[in-house]
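Structural characterization, general
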Amino acid sequence: MNYRHAYHAGNFADVVKHLIVTRIVLYLQRKDQAFRVIDTHAGIGRYDLQGIEAGKTNEWQGGIGRLLEAKVDAKVAELIQPYLDIVRAENADGAMRHYPGSPLIVRHLLRRQDRLSALELHPEDAEMLAETFAGDIQVRVTELDGWLALGAHLPPKEKRGLVLVDPPFEVAGEFDRLVDGLARAHKRFSGGTFALWYPVKDRQEVRRFVTALRETGIPKILRTELVIRAPSPEPRLDGTGMIVVNPPYTLEDELRTILPALVKILGETQGADFALDWIRGEDRA
Ligand code: SAM
């Protein structure tokens, strides 16, 4: 396991992913009934943007850095505000120093009755994650293979919530693992919302992934992608994708408002664009 998220924290992919996660959890808050978020590949929780890793790539400047500086219209501003509030809360003195990863973003959105289960397999990262949430009774950090959580940990006792699956894609077969993991998890927790992150690098591989998802027969699968440039000649992270199964009914419209603005803010070249479509709808076979 060589992947370290600290090199990429706050980049354009994190921004899109974390905005979507924030919108989903805000929707879960609409009912008083408790929910649980399960973050299967959680990372360390809080990233130092002036640390050695982030300093080597400066990827955050093309992501959260740009978003914080951007002027957006009122409708977009309202939808992205809760996410930006969390980022700003982690940087109370004003300078951008810390970027919150997915478990920390979710933690900001938990009410007293809600819980977060965060899994991380890398021993050092799991230790840092445990430190981030030390003494927090609403968060359970486990050093464990996140793919296992898609079986044994489901359904959560709250019977409602979000499962975020955000693997590093450093080994071959990760797309297949996502499809198999979703199929297993959906059998145990068919009413849950699942958010699966994927890279847009090899577009043929993405097409195969979409076909495989459709063939699972699982209904209500929304796909969202944002590419920041036209396809690169060499494999490169040109875009970020998220599959959302059982999305809140509000999410599609929210993303139709947010994504065009993000293309303008995060896009690097003319080829920047977004996609938002149903891989399978509610009733279609
Ligand atoms: N979800 C995090 C966020 O948005 O802030 C970022 C996660 S990063 C893309 C992927 C993480 O998965 C890395 O921290 C890596 O150490 C961890 N990891 C790799 N294989 C894993 C596995 N089988 N189970 C759990 N974690 C794993």
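Just so it is clear, the structure is predicted and the values come from calculations on it, not from any experiment.

1. Observations concerning the pattern of salt bridges
- Applying the stated criterion to the full structure yields 18 salt bridges.
- Close ionic contact of D277 with R223 constitutes a salt bridge, the shortest N to O distance being 2.9 Å. Placement of D277 in strand β10 (residues 273-280) and of R223 in strand β8 (residues 221-227) is noted, with a sequence separation of 54 residues between them.
- Salt-bridge contacts for R256 lead to E252; the nearest nitrogen and oxygen are separated by 3.2 Å. Within this pair, R256 and its partner E252 are both found in helix α10 (residues 251-266), separated by four residues, close to a single helical turn.
- Salt bridges sharing partners connect three or more residues here, namely R203, R229, D238 and E268.

2. Things to note about the packing of helix α8 (residues 174-188) against helix α9 (residues 203-215)
- In the contact formed by α8 and α9, the axes pass within 10 Å of each other and the chain directions differ by 15°. On the basis of their axis angle, the class for α8 and α9 is roughly parallel. In this structure, α8 meets α9 at a crossing whose hand is right-handed. In this structure, α8 uses F175, L178, V179 and L182 to contact α9, whose residues at the interface are E205, V206, F209, A212 and L213.
- Considering only residue class, the contact of α8 with α9 consists of eight nonpolar, no polar and one charged.

3. Here we look at α8
- When the terminal C-alpha atoms of α8 are compared, their 21 Å separation across 15 residues agrees well with the 21 Å that a helix rising 1.5 Å per residue should span.
- Among all positions in α8, only E174, F175, L178, V179, G181, L182, A185 and H186 are buried. The buried residues of α8 occupy an angular sector of 165° when the element is viewed end-on, so they sit on one face. Exposed side chains of α8 directed beyond 90 degrees from the buried face belong to D176, D180 and K187.
- Residues of α8 that are buried make contact with α7 (146-149), β6 (161-165), β7 (193-200), α9 and β9 (239-245).

4. Observations regarding unusual backbone geometry
- For the bond running from L154 to P155, omega is -10°, close enough to zero to count as cis.
- If you trace the backbone, P155 turns up in the loop between α7 and β6.
- Positioned with a positive phi, F169 is a non-glycine residue whose angle comes to about 55°.
- One non-glycine residue, K220, adopts positive backbone phi at about 55°.
- Looking at where K220 falls in the secondary structure, it is placed in the loop between α9 and β8.
- For K220, a relative accessible area of 29% corresponds to the partly exposed category.

5. A short note on the sheet that holds β10
- The eight strands are arranged β5-β4-β1-β6-β7-β9-β8-β10 in an open sheet whose pairing can be described as mixed. Edge positions in the sheet fall to β5 (139-143) and β10, since each has one partner strand and no second. Across the sheet, the mean angle from the axis of one strand to that of its neighbour is 15°, orientation sign disregarded.
- Of the strand pairs in this sheet, β6 and β7 are connected by four bridges, and their pairing is parallel. Considered in β7, the bridge of L162 is made with T193.

6. What to know about the packing of aromatic side chains
- Summed over all chains, the structure comprises seven aromatic pairs.
- For the pair Y27 and Y249, a centre-to-centre distance of 5.9 Å together with 85° between the ring planes defines the contact as edge-to-face. Taken together, the residues span a long stretch of sequence, with Y27 in helix α1 (residues 12-28) and Y249 in the loop between β9 and α10 at a distance of 222 residues.
- Pairwise contacts between aromatic rings join F169, F175, W197, Y198 and F209 into one cluster.

7. Some points on the environment of E174
- Mapped onto the elements, E174 comes out in helix α8.
- The class for E174 is buried, based on a relative accessible area of 5%.
- When the C-alpha atoms of E174 and Y198 are compared, they prove to be 9.0 Å apart, with 24 residues separating the residues in sequence.
- When sequence neighbours within four positions are dropped, the list of residues in contact with E174 reads W147, P167, P168 and F169.
- Side-chain polar atoms of E174 contact the backbone nitrogen of F169, separated by 3.4 Å.

Thresholds applied
- Residues numbered from 1 in each chain as written.
- Predicted model: local features only at pLDDT ≥ 70, side-chain atom pairs only at ≥ 80, totals over all residues.
- Heavy atoms only, no water.
- Salt bridge = Lys/Arg side-chain N within 4 Å of Asp/Glu carboxyl O.
- Helix = DSSP H or I, 4+ residues; strand = E, 2+ residues; numbered from the N terminus.
- Axes fitted to C-alpha atoms, helices over the stretch in contact; angles between N-to-C directions.
- Parallel < 35°, antiparallel > 145°, perpendicular 65-115°, else oblique.
- Left-handed = near helix turned anticlockwise from the far one by under 90°.
- Contact = heavy atoms within 4.5 Å.
- Nonpolar A, V, L, I, M, F, W, Y, C, P; charged D, E, K, R; others polar.
- Expected span 1.5 Å × (residues − 1).
- Buried < 20%, exposed > 50% of the residue type's maximum accessible area, 1.4 Å probe, protein only.
- Arc of directions from axis to C-beta.
- Pairing = 2+ DSSP bridges.
- Phe/Tyr/Trp six-rings, centres within 6.5 Å; stacked < 30°, edge-to-face > 60°.
- Polar contact = N/O pair within 3.5 Å; in protein donor to acceptor, adjacent residues only side chain to side chain.

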